[in-house]
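Chain by chain, the residues run as shown.
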2 protein chains.
Amino acid sequence: MKETIPDNPPLGLLLRLVHQHWTQAVDNALDAAGFGDIRPPHANVFTFTPPEGIQVSELTKLAHVRKQTMTQAVEELEKLGYVERRPDPNDRRGRLVFLTERGRAVRPIASATGRKVDERWAELTSPEEMEMLRQALKLLFEKLRDDQPAGAVSTSRSDS
Amino acid sequence: MKETIPDNPPLGLLLRLVHQHWTQAVDNALDAAGFGDIRPPHANVFTFTPPEGIQVSELTKLAHVRKQTMTQAVEELEKLGYVERRPDPNDRRGRLVFLTERGRAVRPIASATGRKVDERWAELTSPEEMEMLRQALKLLFEKLRDDQPAGAVSTSRSDS
DNA sequence: GGCAGATAGTAAGGTACCTGTCTATATATC
DNA sequence: GATATATAGACAGGTACCTTACTATCTGCC
C-alpha cells in the first residue's frame, strides 16, 4: 500500500517530503556517476568554486547555508583531495578554496546532478509544471524574505 | 542587502529555504501562543492523537516521519505532561498515546499553527497562488512516490 | 594615527530528521 | 498446532542543517 497524504496536506509536510526526494535523488545521481564519496552538500562547492578561488564566506552566500556547514563540506573535500585551501593574498583573515586537478575533473558531473534531477522531474510531470513550481516557490520565498524581520532561521521542522 | 537567489535556482535550494521559513513560522506561532515548550515536531502529535488513543506507529504514518522521530516527540510531550502512554489492550506489543487534560486544552492551538501559517502566506501572495503551489507539490510528490523504487529516504540535503 | 564596527574563520553545542539492528508479540500459512 | 513473516517499539549511531560566542584582521571615520 502506497503512503498516502491527506487531501489538503499542510504545506510543511509537502515541502519536507519533496525536499527529501530531491536530496535522495541527488545522492543517487552522484553514486550512479561513480562518486560515492561525494555527498550532496559537497556539490555546492563544485558548482560555485571558480578557477581563481573563493572564500568559504562567499560560498555560504551562494549556497545559502551557514559558515559551519560550508566549512565542513570544504574540509571533507579537502581530505578527499578534491579541493585545497591557500591563504588569500588580499585578506590575511581569509583562505581561498581551489579545486585540485582531481576536483576539476569531477566538477562537471558534480555540478550537473541538480540539473539531472530537474530534468527527471520534468519528465515525470511536465516542464511547464516544474517551471510553475519553481516560480511559485521563488515568489513565495521573496515575499517571505521581505516580510519577516529577516535573519533568525531556526532548526526546527514540522508540518502541522 | 537582501539575500539573493539566482534567476533559475535549483529546486532543492528553493525547497529547503521555503521549508526553513515554514518551520520557523510554526515555531514562532507556538511561542506567540504562549507554548514555548512545544516545538514543531510535537504539533503532529496534537493534530493526530484521537480521544481513543493511538499507537506511535500510526502517528508515524500520519506525519510521515520515522518511528524514532515520533517516539522522541511523544516522550518529550509525556515529560511535559501533555500526553500519557498506556498499554494497548488489543496488542501487547503496543502502547497507546492519549492526550492528558492539559494536552486536550492545548490541542486546538497546537494543531492550528499550521493553518495559521498557511493563511499568513496566502496574505503575502494570494490564496490562488498558495493553492497552486500546494497542488503542484502534491502532484509531484505522487509522481515521485510512484516512480522511485519506494522506501529509501536518505538523510542528505543539498541543492546543486 | 587611532578606534569602532564589520567580516573571515574556528569552536562548541543543539535539533529534526534519517539508518540499521534487536526483542517481543501478532498474524497468516501449511 | 507449528512455523515463517510482519509489526510495535527500543537502542545505537549518523547527517545536514542551525545557533551563539570567540579571535584575528580589515575598513571607514574622526
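Quick caveat, the model's predicted, so the values are computed rather than measured. (Residues numbered from 1 in each chain as written. Chains lettered and ligands numbered in written order. Predicted model: local features only at pLDDT ≥ 70, side-chain atom pairs only at ≥ 80, totals over all residues. Heavy atoms only, no water.)

**Some details on the overall build of chain A**
When helices and strands are counted, chain A shows 6 helices and 3 strands. In chain A, the succession of α and β elements from N to C terminus is α-α-β-α-α-β-β-α-α. With the principal axes as the frame, chain A shows a C-alpha extent of 55 × 40 × 25 Å. For chain A, the residues scored as buried account for 50% of the 160 residues in total. Accessible surface, chain A as shown: approximately 8200 Å² in total, 51% of it carbon and sulfur. Placing the 23 positive and 24 negative side-chain charges of chain A at their respective mean positions leaves the two points 6 Å apart. (Helix = DSSP H or I, 4+ residues; strand = E, 2+ residues; numbered from the N terminus. Buried < 20%, exposed > 50% of the residue type's maximum accessible area, 1.4 Å probe, protein only. Areas by Shrake-Rupley, 256 points an atom, 1.4 Å probe, with all protein chains shown as cover. Lys, Arg positive; Asp, Glu negative; His and termini not counted. Charge placed at Lys NZ, Arg CZ, Asp CG, Glu CD.)

**Some thoughts on the environment of Glu84 of chain A**
All names here are of chain A. Among the secondary structure elements, Glu84 is positioned in strand E2 (residues 83–87). By relative accessible area, which is 32% here, Glu84 ends up partly exposed. Each residue touching Glu84, except ones within four places of it in the same chain, is listed here: Glu78, Leu96, Val97, Phe98 and Thr100. At 3.1 Å, the side chain of Glu84 forms a polar contact with the side chain of Arg86. (Contact = heavy atoms within 4.5 Å. Polar contact = N/O pair within 3.5 Å; in protein donor to acceptor, adjacent residues only side chain to side chain.)

**A short note on unusual backbone geometry**
The phi dihedral of His64 of chain A is positive, around 60°, even though this residue is not glycine. Structurally, the position occupied by His64 of chain A is in the loop between helix H3 (56–63) and helix H4 (67–80).

**Points about the sheet that holds strand E1 (residues 54–55) of chain A**
Residue and element names in this part refer to chain A. If you walk across this open sheet you meet the 3 strands as E1-E3-E2, and the pairing is antiparallel. Two strands in the sheet have a free side with no partner beyond their single neighbour: E1 and E2. Pairing analysis gives 5 bridges linking E2 to strand E3 (residues 95–99), with the strands arranged antiparallel. Residue Val83 lies in a different strand from E3, and its bridge partner there is Leu99. (Pairing = 2+ DSSP bridges.)

**Re the relation of the copies chain B and chain A**
By a simple turn and slide, chain B fits onto chain A: the slide is 0.0 Å along the axis, the RMSD is 0.1 Å, and the turn is 180°. In the structure described here, the two chain copies are related by an operation that fits a two-fold rotation axis. A share of 100% of the interface residues of chain B reappears at the interface of chain A, consistent with the copies meeting face to face through the same patch. (Least-squares fit on C-alpha atoms with pLDDT ≥ 70 in both.)

**Here's the deal with the nonpolar core**
One finds Trp121 and Leu137 of chain A together with Trp121 and Leu137 of chain B to be the most contacted residues of the largest nonpolar core, which totals 82 residues. Apart from the residues within four sequence positions on either side, Leu137 of chain B is in contact with Leu11, Leu14, Leu15, Val18 and Leu133 of chain A together with Leu15 of chain B. (Core = buried A, V, L, I, M, F, W, Y, C linked by side-chain atoms within 4.5 Å.)

**Here's the deal with the interface of chain B and chain A**
At the junction of the two partners, chain B supplies 69 residues and chain A supplies 70 residues. For the pair chain B and chain A, the summed buried area comes to about 7000 Å², and 63% of that belongs to carbon and sulfur atoms. Across the contact surface, chain B and chain A share 6 residue pairs in polar contact (both at pLDDT 80 or more). With 18 residues, the single largest contributor to the side of chain B that touches chain A is helix H6 (residues 127–147) of chain B. Along the lines of polarity and charge, the residues of the side of chain B that touches chain A split into 30 nonpolar, 19 polar and 20 charged. (Buried area = accessible area lost by both parts, 1.4 Å probe. Nonpolar A, V, L, I, M, F, W, Y, C, P; charged D, E, K, R; others polar.)

**Observations concerning the pattern of salt bridges**
Residues and elements named next belong to chain B. Considering all chains together, one arrives at 19 salt bridges over all chains under this definition. The salt bridge involving Glu78 is made with Arg85; its shortest N-O contact spans 2.9 Å. The class of Arg85 is buried, set by a relative accessible area of 16%. Arg86 is paired through a salt bridge with Glu84; the nearest N and O atoms lie 3.1 Å apart. Judged by its relative accessible area of 38%, Arg86 is partly exposed. (Salt bridge = Lys/Arg side-chain N within 4 Å of Asp/Glu carboxyl O.)

**Focus on the layout of surface pockets**
Estimates place the volume of the second largest pocket at around 310 Å³. Lining the second largest pocket we find 18 residues, and of these Asn8, Pro9, Pro10 and Asp159 of chain A together with Arg115 of chain B sit closest to its centre. Every element with two or more residues in the lining of the second largest pocket is listed here: helix H2 (40–48), helix H3 (56–63) and helix H5 (101–124) of chain B. Across the lining of the second largest pocket, the residue classes tally to 8 nonpolar, 6 polar and 4 charged. (1 Å grid on protein atoms, 1.4 Å probe; cavity = no way out; pocket = protein on both sides within 12 Å on 5 of 7 lines; lining within 4 Å. Points joined across faces, edges and corners; volume = space filled by probe spheres on them.)

**Things to note about the sheet that holds strand E2 (residues 83–87) of chain B**
Sheet architecture is open: 3 strands sit in the order E1-E3-E2 (chain B), paired in antiparallel fashion. Edge strands, defined here as strands with exactly one partner in the open sheet, are strand E1 (54–55) and E2 of chain B.

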